[in-house]
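Spelled out from the first residue to the last, the chains are:
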Amino acid sequence: MSTDDLREVGRIGRAHGVNGQVYVSLLTDRVERLAPGARLLAGDQWLTVAESRQQQQRWLVRFEGLVDRTAAERLTNSTLMAEPLTDDDDDALWVHDLIGSKVVDQHGVDRGTCVAVIDNPAHDMMELDSGALVPVTFVVDCRDGIATVDTPEGLFDL
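Note that the structure is a prediction, hence the values are computed from the model and not measured.

Another point: the nonpolar core. Nonpolar side chains tend to gather and get buried jointly when the protein is soluble and globular. Counting 21 residues, the largest nonpolar core has I12, V24, L34, L40, V61, F63 and L80 as the members making the most contacts within it. Contributions of two or more residues to this core are made by β1 (7–16), β2 (21–26), β3 (39–42), β4 (45–55), β5 (58–63), α1 (69–73) and β6 (79–82). In this structure, V61 is in contact with G20, Q21, V22, V24, L34, V49, E51 and S52, ignoring residues within four places of it in sequence.

Shown next as structure tokens:
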């Protein structure tokens, strides 16, 4: 499987303690991504979850082979990628599908290209090349490189 087929599922934060544990922010509601035995790609290194437990809004994770703080610190700020789950929802929106897509509103007006998806406490936001921010909840369809959005009047007015 190529890395293009992988899903972004989380990000490694800082190291915790001296035994190789790290904090992980999970970007999915599929907590089985951090179950013991789960495999995740961080950079060019495949990691296997040895143990994990939720701690407030993030997870404390120990990966097999990471036995000290120094090894854990090398992974700080790494993006975690995983293979798609066999029962992933085909109607789900994926960050990798949104980034690079042309954004068209409900009237057919081209609003630009999505250059990033920003994590926001209320709703993730698509950042367009024009600088506009569009809540992901406004996306009604995303296929063939086109994200169709149904936005309220005035959203694109500066």
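Another point: the sheet that holds β3. Strand order in this closed barrel of six strands is β1-β2-β5-β4-β3-β6, and the pairing throughout is antiparallel. Averaged over all pairs of adjacent strands, the angle between their axes in this sheet comes to 45 degrees, without regard to strand direction. Where β4 and β5 come together, six bridges link them in antiparallel fashion. Residue pairing for β5: Q55 is matched across the bridge by R58.

A few words on the sheet that holds strand β7 (residues 102–105). Read from one edge to the other, the open sheet built from six strands follows the order β10-β9-β8-β7-β12-β11, with strand pairing classed as mixed. Either end of the sheet is taken by a strand with one partner, and the two such strands are β10 (133–135) and β11 (139–143). Each neighbouring strand pair of the sheet contributes to a mean axis angle of 35 degrees, computed without reference to strand direction. With four bridges joining them, strand β8 (residues 110–118) and strand β9 (residues 125–128) adopt antiparallel strand pairing. Following the sheet pairing, V117 is matched in β9 by M126.

Going through the model one piece at a time under the given rule, you end up with five salt bridges. Ionic pairing is found between E32 and R30, a salt bridge with its closest N-O pair at 2.7 Å. The partner of D141 in a salt bridge is R143, and the shortest N-O contact between them spans 2.9 Å. Relative accessible area serves as the criterion here: at 52%, R143 is assigned to the exposed category.

To continue, consider the packing of aromatic side chains. Under the defined criterion, the tally for this structure stands at zero aromatic pairs. The side chain of R39 reaches across the aromatic face of W46, ending 4.2 Å from its centre. In this arrangement the basic side chain of R58 is found over the ring face of Y23, its NZ or CZ atom lying 3.8 Å from the centre.

With that settled, consider the side chain of D105. Looking at the secondary structure, you find D105 in strand β7. D105 gets classed as buried once you look at its relative accessible area, which sits at 3%. At a separation of 2.8 Å, a polar atom in the side chain of D105 contacts the main-chain amide nitrogen of H107. Here the side chain of D105 touches R111 through a polar contact of 3.0 Å, side chain to side chain. Look past the residues within four positions of D105 in its chain and what remains in contact with it is R111, T148, V149 and T151.

Criteria and cut-off values
Residues numbered from 1 in each chain as written. Predicted model: local features only at pLDDT ≥ 70, side-chain atom pairs only at ≥ 80, totals over all residues. Heavy atoms only, no water. Core = buried A, V, L, I, M, F, W, Y, C linked by side-chain atoms within 4.5 Å. Buried < 20%, exposed > 50% of the residue type's maximum accessible area, 1.4 Å probe, protein only. Helix = DSSP H or I, 4+ residues; strand = E, 2+ residues; numbered from the N terminus. Contact = heavy atoms within 4.5 Å. Pairing = 2+ DSSP bridges. Axes fitted to C-alpha atoms, helices over the stretch in contact; angles between N-to-C directions. Salt bridge = Lys/Arg side-chain N within 4 Å of Asp/Glu carboxyl O. Phe/Tyr/Trp six-rings, centres within 6.5 Å; stacked < 30°, edge-to-face > 60°. Lys NZ or Arg CZ within 6 Å of the ring centre and 35° of its normal. Polar contact = N/O pair within 3.5 Å; in protein donor to acceptor, adjacent residues only side chain to side chain.

Geometry only, nothing functional implied.
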